[in-house]
Structure formats: structure tokens, C-alpha cells
Amino acid sequence: MTTTAATAVCLGETMAQVTPADGAGLEHSGALRLAVAGAESTVAQYLADLGHGAAWVSRVGDDPFGRRIVAAVASRGVDVTGVRRDTSAPTGVYFKDPGPDGTRVHYYRAGSAASRMSAADADGIDLTCVRLLHLTGITPAVSGTCAALVATLLERAAGTKTLVSFDVNHRPALWSSHGEAAEALLALARRADIVLVGRDEGETLWGTATAQDIRDHIGPRGTLVVKDGAVGATEFTDGKQEFVAAPAVDVVEAVGAGDAFAAGYLSGLLDGAAPRERLALGHRLAGRTLRSIEDYVPISPKDRS
């Protein structure tokens, strides 16, 4: 597995997404639609949309779902040469189940091709010219070998010019226990250069009630961005704090908004934007997703202006 030169490398599982076409729940919907969804590939696609060289690294099954995913991500200008096709494991699938109390998600990813990624896969990832390596807390939760891969990449990036961004992205169903998740995600956050976490995630994981509590718990190293839903987002960096309120949005569905925010924020960071500007761009991209049933809402050149 190799990757060509890219500004940002995003690593993690992407799955085939199945959604009721009529917006009804899975139990009663008459038609289903197929899409592509994954936290890290979503970030890569948005970064490519915004003019950055982005690569996505993963494994998919050598099946129609895997081929469809790779083609879709590549069509947005993302380098997919680091995606390996596994002939002996399937591509993961998940189902979105809309309901009056929100959207539930049902995963069918156990034993997937992506879950078989391991520390050995790090050998094919050249970080020499990469400015940003984007990881999430989903990958180490998928399997022990995926956790080893994340740890290896953090070790290789340490002391280099490559910044590591880590979106906590807590998925309780993927962890064997709350304690395991809290400990593992905290350890990874403390090793990253840029950490993105929801205020609610922090409270669930570590009992931290405020953005400042999360900063105190993780520690002063690097940059921390705490997202607080419709309230806004706070960046802590170099002893300074910046808060930008979230614009009002008529929410259709919240799934995917966190990844969109991460992509907008990281794009601003790569462009050298000030904290307020990069937080605002994160909110702008999140708003696009909140107004849609899609996890990823493509950005055209016209939308950039």
C-alpha cells in the first residue's frame, strides 16, 4: 500500500450506507438508497473540495460495495492509492434508521476488511511531505490491530513536521466498556497535536462539564477544539481561548455534522487562517450537513466563494 504526495492523509474505515429513501424508519420504508459514509473519508473529500491535496487510506472488501466506495471518494479528487482491497473480508455496511426521536444507526462491520488493518499497514504511508495526518477515535475501537496501527502512526509522526489531528468521535457500541473507551481516547488525545471533541462527549467519557474542564483534563499540549452543538465551538491554543457561536440552522439530521466541522476547521488551519476564521468555516460546513440527510454534501467551486 502506498500513498502519493498529499497535504493531508486521513485514515479510517468507510462503509456502504443504507438509508430509507422516503425518510421513514427502516421497519416501514418502502425503498432504500445506497450511499458512502465514513468519518475520515468525509474529511478527505471536504478537504479536496476546498482545494487541498487529500489522501484517504483504508481497506475495503473486493466486492461491489468496496469498489463503489473507492470510486465515489476518488471522484471528489481524493488520492485513494492507499486503499487496499481485501479478497477475504467484506466491506462494512451500516443502516440509518430515522425516527421521531432522531436517527439511530445500525452497524454491520464486525470482521470487515477495514477491521483487519494493522501496524504493518503503516509501512505504506509516507508522511515525509504530509502536513496533516487525520485520525479519529473510531479506528482504534474497530479492532485491536487497528488500535495498533493508530499507535504506530502516532509514534512515527512524533517529532516530525506532520501535525496529527484527532477527532475523539466516541462510538460507545464499538468499545467493550465505558472505562476502556475513556482511558484509550484520553491517551490518544494527549498524544495528538490537534484534538476535536464534543462537549457532550467529554462529559460522557470523563465527566467534564465545560470546555475548560476538558482542556484541564486533557492538558495544555497542542490545540483543543471543543464543539458544543448549537451553542458554538471553542479553540484553546498557546494559552489563548477563542469562542465562535454556531449560526442558527434548521436541522434535518445531525449525522455527519461533526466530520464536516472538522474538515472546515482543518482546512482553515492548513490555509493559515486565524482561530475565529477556522472555527467559522467549521460551523459553515457543519451547517450544510445539518440541513441535509447526507453525511457529505459536496462543495462546488462556486460554493467556496
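What counts, and at which threshold
Residues numbered from 1 in each chain as written. Predicted model: local features only at pLDDT ≥ 70, side-chain atom pairs only at ≥ 80, totals over all residues. Heavy atoms only, no water. Axes fitted to C-alpha atoms, helices over the stretch in contact; angles between N-to-C directions. Helix = DSSP H or I, 4+ residues; strand = E, 2+ residues; numbered from the N terminus. Parallel < 35°, antiparallel > 145°, perpendicular 65-115°, else oblique. Left-handed = near helix turned anticlockwise from the far one by under 90°. Contact = heavy atoms within 4.5 Å. Nonpolar A, V, L, I, M, F, W, Y, C, P; charged D, E, K, R; others polar. Salt bridge = Lys/Arg side-chain N within 4 Å of Asp/Glu carboxyl O. Pairing = 2+ DSSP bridges. Buried < 20%, exposed > 50% of the residue type's maximum accessible area, 1.4 Å probe, protein only. Arc of directions from axis to C-beta. Expected span 1.5 Å × (residues − 1). Phe/Tyr/Trp six-rings, centres within 6.5 Å; stacked < 30°, edge-to-face > 60°. Lys NZ or Arg CZ within 6 Å of the ring centre and 35° of its normal. Core = buried A, V, L, I, M, F, W, Y, C linked by side-chain atoms within 4.5 Å.

(A) Representation of the packing of helix 1 (residues 39-49) against helix 8 (residues 257-270) in the model. Relative to each other, helix 1 and helix 8 sit at 45°, their axes nearing to 9 Å. In this view, helix 1 runs oblique relative to helix 8, as classed from their interaxial angle. Two packed elements cross with a definite hand, and for helix 1 against helix 8 that hand is right-handed. Contacts between helix 1 and helix 8 involve Ala-39, Thr-42, Val-43, Tyr-46 and Leu-47 from the first element and Asp-259, Ala-260, Ala-262, Ala-263, Leu-266, Ser-267 and Leu-270 from the second. A per-class count over the contact of helix 1 with helix 8 returns nine nonpolar, two polar and one charged.

(B) The pattern of salt bridges, seen in detail. For the coordinates displayed, the defined rule picks out 16 salt bridges. The salt bridge partner of Arg-76 is Asp-49, with a shortest N-O separation of 3.0 Å. One end of the pair, Arg-76, is in the loop between helix 2 (64-74) and strand 5 (83-86); the other, Asp-49, is in helix 1, with 27 residues separating them in the sequence. Measuring nitrogen to oxygen at the nearest pair gives 2.9 Å for the salt bridge that ties Glu-203 to Arg-199. Of this pair, Glu-203 and Arg-199 both sit in helix 6 (residues 199-206), separated by four residues, roughly a single helical turn. One salt-bridge network, held together by shared partners, links Arg-59, Arg-84, Asp-86, Arg-116 and Asp-121.

(C) Molecular detail of the sheet that holds strand 6 (residues 93-99). In space, the four strands of this open sheet follow the order 3-2-6-7, with mixed pairing throughout. The sheet is open, and its two edges are formed by strand 3 (32-37) and strand 7 (102-108), each paired on a single side. Going from strand to strand, the sheet's axes swing by 25° on average, the running direction of each strand aside. Note: strand 2 (residues 15-20) against strand 6, three bridges, orientation parallel.

(D) Spotlight on helix 7 (residues 211-218). Three or more residues of helix 7 are buried, namely Ala-211, Ile-214, Arg-215 and Ile-218. Angular distribution of buried residues about the axis of helix 7 spans 100°; they occupy a single face of the element. Just downstream of helix 7, Gly-219 is the residue with a positive phi angle, here 110°.

(E) Structural context of helix 4 (residues 144-157). Helix length check: helix 4 (14 residues) gives 20 Å between terminal C-alpha atoms against 20 Å at 1.5 Å per residue, within 8%. Regarding helix 4, the residues found buried are Cys-146, Leu-149, Val-150, Thr-152, Leu-153, Leu-154 and Ala-157. In this fold, the buried residues of helix 4 make contact with strand 1 (8-11), strand 8 (132-136), helix 3 (139-142), strand 9 (163-167) and helix 5 (178-189). Downstream of helix 4 by a residue or two, Gly-159 has a phi angle that is positive, lying close to 80°.

(F) Fine view of the packing of aromatic side chains. With the rule as written, the count across this model stands at three aromatic pairs. With 4.9 Å between their ring centres and 70° between their planes, Tyr-46 and Tyr-296 make a pair best called edge-to-face. Here Tyr-46 is found in helix 1, whereas its partner Tyr-296 is found in the loop between helix 9 (275-290) and helix 10 (301-304), with 250 residues between them in sequence. Among the residues examined, Tyr-46 registers a relative accessible area of 0% and is labelled buried. Ring centres 5.6 Å apart and planes at 85° place the aromatic pair Phe-95 and Tyr-108 in the edge-to-face group. A residue pair is termed long-range when its members are at least 10 positions apart, and Phe-95 in strand 6 and Tyr-108 in strand 7 qualify at 13 residues. Sitting above the plane of the Tyr-107 ring, Arg-109 keeps its charged end 4.8 Å from the centroid.

(G) Region of interest: the pairing of strand 1. Burial along strand 1 is two-sided: the residues Ala-8 and Cys-10 and Val-9 and Leu-11 are all buried. When strand 1 meets strand 4 (residues 54-61), the two strands line up parallel, connected through four bridges. If you follow Ala-8 over to strand 4, its bridge partner there is Ala-54.

(H) Structural context of the sheet that holds strand 13 (residues 240-245). Ordered by their spatial adjacency, nine strands build an open sheet running 5-4-1-8-9-10-11-12-13, and the pairing between neighbours is mixed. Looking at strand neighbours, the two that pair on one side only are strand 5 and strand 13, the edges of this open sheet. Neighbour-to-neighbour, the strand axes of the sheet open up by a mean angle of 15°, direction not taken into account. Here strand 8 runs beside strand 9; their pairing, made up of five bridges, is parallel. In the sheet register, Leu-132 faces strand 9, and the bridge partner there is Leu-163. Packed onto the sheet, helix 4 meets strand 1, strand 8 and strand 9 and runs at close to 155° relative to strand 8. Packing of helix 8 onto the sheet brings it into contact with strand 8, strand 9, strand 10 (194-198), strand 11 (223-228) and strand 12 (232-237), and relative to strand 10 it is tilted by some 150°.

(I) Spotlight on the nonpolar core. Leu-135 and Trp-206 are the most contacted members of the largest nonpolar core, which totals 44 residues. Look past the residues within four positions of Leu-135 in its chain and what remains in contact with it is Leu-11, Val-150, Leu-153, Leu-154, Val-164, Ser-165, Phe-166 and Asp-167. Core analysis: the second largest hydrophobic core is formed by 39 residues, Ala-48, Val-70, Ala-260 and Leu-290 among them.

Purely geometric numbers; function is a separate question.
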